[in-house]
Amino acid sequence: MEIWINPDCSKCQSALSILDAEHAQYTVRHYLEQPPTTAELREVLDRLGLEPWHIARLGEPVAAELGIAEWARDASSQDRWLAAMAAHPALIQRPIITAEDGTAAVARTPEAVHEALKRTPGND
C-alpha cells in the first residue's frame, strides 16, 4: 500500500502511527514534493469512487486565490479540478491510502486507516 502524506499534518502522523503499530508494509509519498499527475489523481478518485471536488481542501489559501469553491462541479469541470490539484497539491485532502485490492481511502480517521489495512493482504 501507499500513503500520500504531508509530514506536518497531524492526521497523516496519526495514520502513520497506526500503520507502524500494526507493522504494516507501506510506502510513503510526500505528495507536496512529489505531486500526483492528473492521471494518478483520476485513478485514485476512481478507486475512491469520488469526484475531485470531494477531496479538495477548499480552506487552503491557494483555493481562495483560484476561486475554486465557486467552480462548477460536473463532469465537464473534472479536468479543470484535476489540473488545479496536480499544479497545487496542497488542494488535495490527506492522507490518502491506496490499498492492494485496488481500493483507496481518505484516511483521516483511525477507522479509515484500519479499514485500508483490512483490504491489504499481509496487513490484516
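This is a predicted model, so every value here is computed, not measured.

Here's the deal with the nonpolar core
Ranked by internal contacts, the top residues of the largest apolar core, which has 22 residues, are Leu41, Ile55, Ile68, Met85, Leu91 and Ile92. If you list the elements that add at least two residues to this core, you get helix H2 (38-48), helix H3 (61-66) and helix H4 (78-87). Setting aside anything within four residues of it in sequence, one finds leucine 91 in contact with Ile55, Ala56, Arg57, Glu60, Val62, Ala63, Leu66, Ile68, Ala84 and Met85. Grouped together as the second largest cluster of nonpolar side chains are 16 residues, Ile18, Ala24, Ile97 and Leu117 included.

What about the sheet that holds strand E4 (residues 104-106)?
Taken in spatial order, the four strands make up an open sheet running E2-E1-E3-E4, and their pairing is mixed. Only two strands of the sheet have a single neighbouring strand rather than two, namely strand E2 (27-30) and E4. Neighbour-to-neighbour, the strand axes of the sheet open up by a mean angle of 20°, direction not taken into account. Two elements, strand E1 (residues 2-5) and strand E3 (residues 96-98), share three bridges in a ladder whose sense is antiparallel. The partner of glutamate 2 across the bridge, within E3, is threonine 98. Against the sheet, helix H1 (residues 10-21) contacts E1 and E2, and its axis sits at roughly 155° relative to E1. Strand contacts of H2: E1, E2, E3 and E4, with the helix running at about 90° to E4, the strand carrying the most contacts.

Considering the state of the cysteines
If you walk through the whole model with that rule in mind, you get zero disulfides. In this model cysteine 9 remains outside any disulfide bridge; the closest cysteine sulfur is found in cysteine 12, 3.5 Å from its own. Of the residues examined, cysteine 9 reaches a relative accessible area of 7% and is grouped as buried.

Digging into helix H5 (residues 110-118)
Every buried residue of H5 is listed here: Ala112, Val113, Ala116 and Leu117. Angular distribution of buried residues about the axis of H5 spans 145°; they occupy a single face of the element. In H5, those exposed residues whose orientation departs by more than 90 degrees from the buried face are Glu111 and Lys118.

As for unusual backbone geometry
For residues other than glycine, phi is negative in most cases, and the peptide bonds are mostly trans. Here the bond from arginine 94 into proline 95 is cis, since omega is -10°, no more than 30 degrees from zero. Looking at where proline 95 falls in the secondary structure, it is placed in the loop between H4 and E3. The residue histidine 23 is not glycine, and still its phi comes out positive at about 55°. Mapped onto the elements, histidine 23 comes out in the loop between H1 and E2.

Looking at the confidence of the model for the protein chain
Averaged over every residue, the pLDDT of the protein chain is 94; the share at 70 or more is 97%. Confidence, read as mean pLDDT per element, is least for H5 in the protein chain (92) and greatest for H4 (98).

Examining the pattern of salt bridges
One pass over the structure, following the stated rule, counts five salt bridges. Here glutamate 40 makes a salt bridge to arginine 29, at a shortest N to O gap of 3.1 Å. Taken together, the residues span a long stretch of sequence, with glutamate 40 in helix H2 and arginine 29 in strand E2 at a distance of 11 residues. For lysine 118, the salt bridge is made with glutamate 115, and the minimal N-O distance between the two is 3.8 Å. On the criterion of helical spacing, the pair formed by lysine 118 and glutamate 115 is a turn pair, its members being three residues apart in helix H5. We classify lysine 118 as exposed; its relative accessible area is 59%.

Rules of the game
Residues numbered from 1 in each chain as written. Predicted model: local features only at pLDDT ≥ 70, side-chain atom pairs only at ≥ 80, totals over all residues. Heavy atoms only, no water. Core = buried A, V, L, I, M, F, W, Y, C linked by side-chain atoms within 4.5 Å. Buried < 20%, exposed > 50% of the residue type's maximum accessible area, 1.4 Å probe, protein only. Helix = DSSP H or I, 4+ residues; strand = E, 2+ residues; numbered from the N terminus. Contact = heavy atoms within 4.5 Å. Pairing = 2+ DSSP bridges. Axes fitted to C-alpha atoms, helices over the stretch in contact; angles between N-to-C directions. Disulfide = S-S within 2.5 Å. Arc of directions from axis to C-beta. pLDDT = per-residue confidence, 0-100. Salt bridge = Lys/Arg side-chain N within 4 Å of Asp/Glu carboxyl O.

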